[in-house]
Amino acid sequence: MINPSNSSSKSRASGGGGLDRRPSPVPALLGLVAGTALHLQESALSSSGLYIGLVILAAVLGMGLCWPGWRNRLVAAWVLSAVAGLALGSGLAGWRAQTFASQALAPALEGQDVQVIGRVQGLPQQGPDGVRFRLQVDSATLAGQPVTVPPQIYLGWYAGFGQGGLAPRTPQAMPEPTGSAEDDADRLEAWWQSRRPPAWLRPGERWQMTVRLKAPHGNRNPHGFDYELWLWEQGLQATGSVRTGARDVPPQRLDDGALLSDPTRALANLVERSRQSIRQAIFERVADRPLAGVVAALVMGDQAAVERSDWDVFRATGVAHLMSISGLHITLFAWLAARLLRGLWQRSARWTPRWCLAVPAHRAGAWGGLLLATAYALFAGWGVPAQRTVAMLAVAVLLRQSGRQWPWPVVWLSAMAAVLLLDPWALLQAGFWLSFVAVGVLLVTDSGASEGAQPVPSQPLTSLRVMLVRASAAAWALAREQWVITLALTPLTLLLFNQVSVVGLLANAVAIPAVTLLITPAALLGVLFSPLWDVAAWLIDWLMALLTWLAAWPWGSWSKASAPLWCAVAGLLGGVLLAMRWPWHWRLLGLPLLLPVLLWQPLRPATGSFELLAADVGQGNAVLVRTAGHSLLYDAGPRFSRESDAGHRVLVPLLRALGERLDSVVLSHRDSDHVGGAAAVLAMQPQAQLISSIEEAHSLRQQPAARGAPDFVQCAAGQRWRWDGVDFEFLHPVAADYESAARPNARSCVLRISTAAIDGRPAAVALLVGDIEQPQEQALLQRAMRQLKADFLLMPHHGSKTSSSDAFLDAVQPRLALAQAGYRNRFGHPAPPVLARYTARGIGIYRSDQCGAAHWHSARPGQMRCERQQVKRYWHHGQHGAQPQAPPE
């Protein structure tokens, strides 16, 4: 006779591939993940027929695998299932990409004033200069004729937005006078207010407005944030601005009555409006703006509400994952809710025995936790990260509660495959990997899913002591899971962000219980009783004081250069081994696998040579100069807004990923497109010496003493030094330029970098000239004609019409020239007449808006490597239809 218990145990032990010899789902899941990953490496999309054919092939192979004979040919079945998964992953991802690419903005509509009617989607992000929001387009017209634009566009509405910038109240923008000063003032104020963004754009509102659109275009830098991928994943195929100039029809809010005809849209907007009302109530209740932003982030996941300086502190202390609703938060919330519901279900057996017998406690807890996590994600905005986290959790719960004992790797890979079917591009997002690893850690360390029902007490819970003991046990269990996840994510954080907090363990020891047990509950309960928001803000203020103190420690965080793929894979495997529930002598084998990541050092130029990396910072200059043992940054890019600059957004991550320690920062002059990111760079690199032509009263000149840096040096012609066999010399300005009242451009620091002739190889020269104009070019011709000849030239003044004279170009005779200019910038840089002068002399022209970050090496003076050509993907601008276009003159 067969023992039923033994049969059951054998079946469970097989995990789908034991005695019955059923093929394991692991090869198919791995194939699907690999197919998606391969598709994401495509530089351009293939034909729709190819992707449809791959899906058909996957379906045919899947049906073929149903043949019972494959059970005796497991190896062949595994190979076929892997191929089927590979075809399915690549085919579905490609088909979705083709469908989405067909909605791209037509190049002819870029820079045109298009009239659109649409509805505000999601939660608008209010800032000091205006508001950014998504618009679901219902109709669009150009000059009265219907045109097709992408279904969703991402817009900015700024106060007084004129021709590409913040326009002052000029007489040209005023309404015609009537003769009455009082009436004219009232009419002017009414006209101005009609063009300012409303204090609160409400989700679901229907607006008619004039917008100027452009294709999604972001900065392309090594190891940098891929803004174009983010827009693609968010379903946005165009960005733009609301036009409110003197000649534009002011935006107008239309009737919302049609909203009620679509229940789904009405429900979505109801949720978003509720979130907006709560956010507004938080800011009205909590007077301190930074503290209110953290409360809003904890209540509704509004990460944009947190100040940038606060995010810097959170990242430096390793507690950023605690400070807003994210995939990791939703995962932990689902785990905690499942544990609490399971306990309550077990305790309710005395009153509802029939229900408890029908639905086991572990099943009730799992499904209840998933439902509560879904509600939590909806309230957090139901963004793409929240959607994929819920999908991941749903698959994990479905498999764990299916009645079969699935091994945790199968559950883990199934969750990953489900997310990639929903969002193939998640595979390239750091948030996906953090959430995915967190789910894996919980699956490995949580034994609750396999536990049977625990003994139920014979008496109701009436003892306060028992309740407190159980509450403390639950709190300890939650804190323990937070600790396990924090430790498990530390190697991954280093790989993804090239930085890990050394004080993170100490900071998390305080922040985890404070945020989890005190601050977050107070913030959430404040929705019902608003004075609790004051309590939460007071606790946050106390915690921020501690975190700020920890972040100020010189060794508070540790940065490491970005490692190549093989090092990253080894480090990831090492982290997984350390997190496994294996004996310590096995887990410690993961430590050697971490060494390649920890010890990796990027290659530097050989002695006697140097290289330039001209970062893509938009409309502005930023060039990193590297020799064998020294580094210099020439200019620091623009300031984009009061909340964002090239330093925080581009240069600090770039320098960290390259493992750079700057010796000097040269700021050519004081214009904001050259010094906008300097404060952030100097804060990260306090040892760097500042060299510039900025005036004595400038705020940047007050910082060296405070940060313990070398004294400020004013650049002047004749200053020279040598690093590792490479000569540096300033050719401009001279003392007379500082004494004159000329524009700051006239005092731009002109830096000449040169090598010596070695082994028959001629010297290589690079010339970085800032924003000099033709008068300064003429002065250089008279003063330093012989020193101007160069192989590489940074175009003066971004290619402005006021620079790059014929005589100057004839003297420099560069092989290559680079214009660091923003895409469709309002100045029209580089100007076509200037480009014509370069082309007539056979000079190779490169533009950062088309090239991305530009790499130049003195050993190869006739070559330039462009980041956009080195790393091409189909979602990048110009790769799937529209090509970059210059703005009209």
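Conventions used here
- Residues numbered from 1 in each chain as written.
- Predicted model: local features only at pLDDT ≥ 70, side-chain atom pairs only at ≥ 80, totals over all residues.
- Heavy atoms only, no water.
- Helix = DSSP H or I, 4+ residues; strand = E, 2+ residues; numbered from the N terminus.
- Polar contact = N/O pair within 3.5 Å; in protein donor to acceptor, adjacent residues only side chain to side chain.
- Core = buried A, V, L, I, M, F, W, Y, C linked by side-chain atoms within 4.5 Å.
- Buried < 20%, exposed > 50% of the residue type's maximum accessible area, 1.4 Å probe, protein only.
- Contact = heavy atoms within 4.5 Å.
- Patch = residues over 30% accessible without salt bridge, like charges linked within 9 Å, V, L, I, M, F, W, Y side chains within 5 Å.
- Areas by Shrake-Rupley, 256 points an atom, 1.4 Å probe, with all protein chains shown as cover.
- Salt bridge = Lys/Arg side-chain N within 4 Å of Asp/Glu carboxyl O.
- Disulfide = S-S within 2.5 Å.

Asks: Just to check I follow, could you spell out the side chain of His 855 for this structure?
Replies: Topologically, His 855 is positioned in strand β25 (residues 854–857). Here the side chain of His 855 touches Glu 867 through a polar contact of 3.3 Å, side chain to side chain.

Asks: I would appreciate a short explanation of the nonpolar core in the present structure.
Replies: Inside soluble globular proteins, nonpolar side chains tend to come together where they are buried. Judged by nonpolar contacts, the single largest core of 45 residues is most densely connected at Trp 232, Trp 425, Phe 432 and Tyr 874. If we skip the residues at most four places from it in the chain, Trp 425 touches Leu 40, Ala 93, Arg 96, Ala 97, Leu 229, Trp 232, Glu 233, Tyr 874 and Trp 875. The next biggest cluster of nonpolar side chains, apart from the first, holds 38 residues, and it includes Val 306, Ile 512, Ile 519 and Leu 550.

Asks: Just checking my understanding: could you explain a nonpolar patch on the surface for this structure?
Replies: On the surface, Val 502, Trp 555, Trp 558, Leu 595, Leu 598 and Leu 599 cluster together into a nonpolar patch covering about 590 Å² of accessible area. In terms of residue count, helix α21 (residues 590–599) provides more of the nonpolar patch than any other element does, 3 residues in total. Along the chain, the position of Trp 555 falls in the loop between α18 (531–551) and β9 (557–559).

Asks: Help me understand the state of the cysteines, please; the structure alone is not making it clear to me.
Replies: Working definition: the covalent bond between the sulfur atoms of two cysteines is a disulfide. As enumerated under the stated definition, the model contains 2 disulfides in all. Bridging Cys 715 to Cys 749, the disulfide has an S-S length of 2.0 Å. Its S-S torsion of approximately -75° makes the covalent link between Cys 715 and Cys 749 left-handed. You can see Cys 715 sitting in the loop between β17 (713–714) and β18 (720–723) and its partner Cys 749 sitting in the loop between α26 (735–739) and β20 (750–755), a full 34 residues away along the chain. The two residues Cys 715 and Cys 749 agree in class, both being buried.

Asks: Please explain the pattern of salt bridges as it appears in this structure.
Replies: Pairing is possible between side chains of opposite charge, provided their charged atoms come close. For the structure on display, the rule yields 19 salt bridges. A salt bridge links Asp 113 to Arg 212, with the shortest nitrogen-to-oxygen separation between them at 2.9 Å. With Asp 113 in strand β1 (residues 113–126) and Arg 212 in strand β5 (residues 206–214), the pair connects residues that are 99 residues apart, well separated along the chain. For Asp 113, a relative accessible area of 23% puts it in the partly exposed group. According to the relative accessible area criterion, Arg 212 is partly exposed, its value standing at 26%. A salt bridge links Arg 670 to Glu 695, with the nearest nitrogen and oxygen atoms 3.2 Å apart. Of this pair, Arg 670 sits in the loop between β15 (664–667) and α23 (672–675) while Glu 695 is found in the loop between β16 (689–692) and α25 (703–706), placing the two residues 25 residues apart along the sequence. Among the residues examined, Arg 670 registers a relative accessible area of 38% and is labelled partly exposed. Residues participating in the shared-partner salt-bridge network are Arg 604, Glu 611, Arg 626 and Glu 660.

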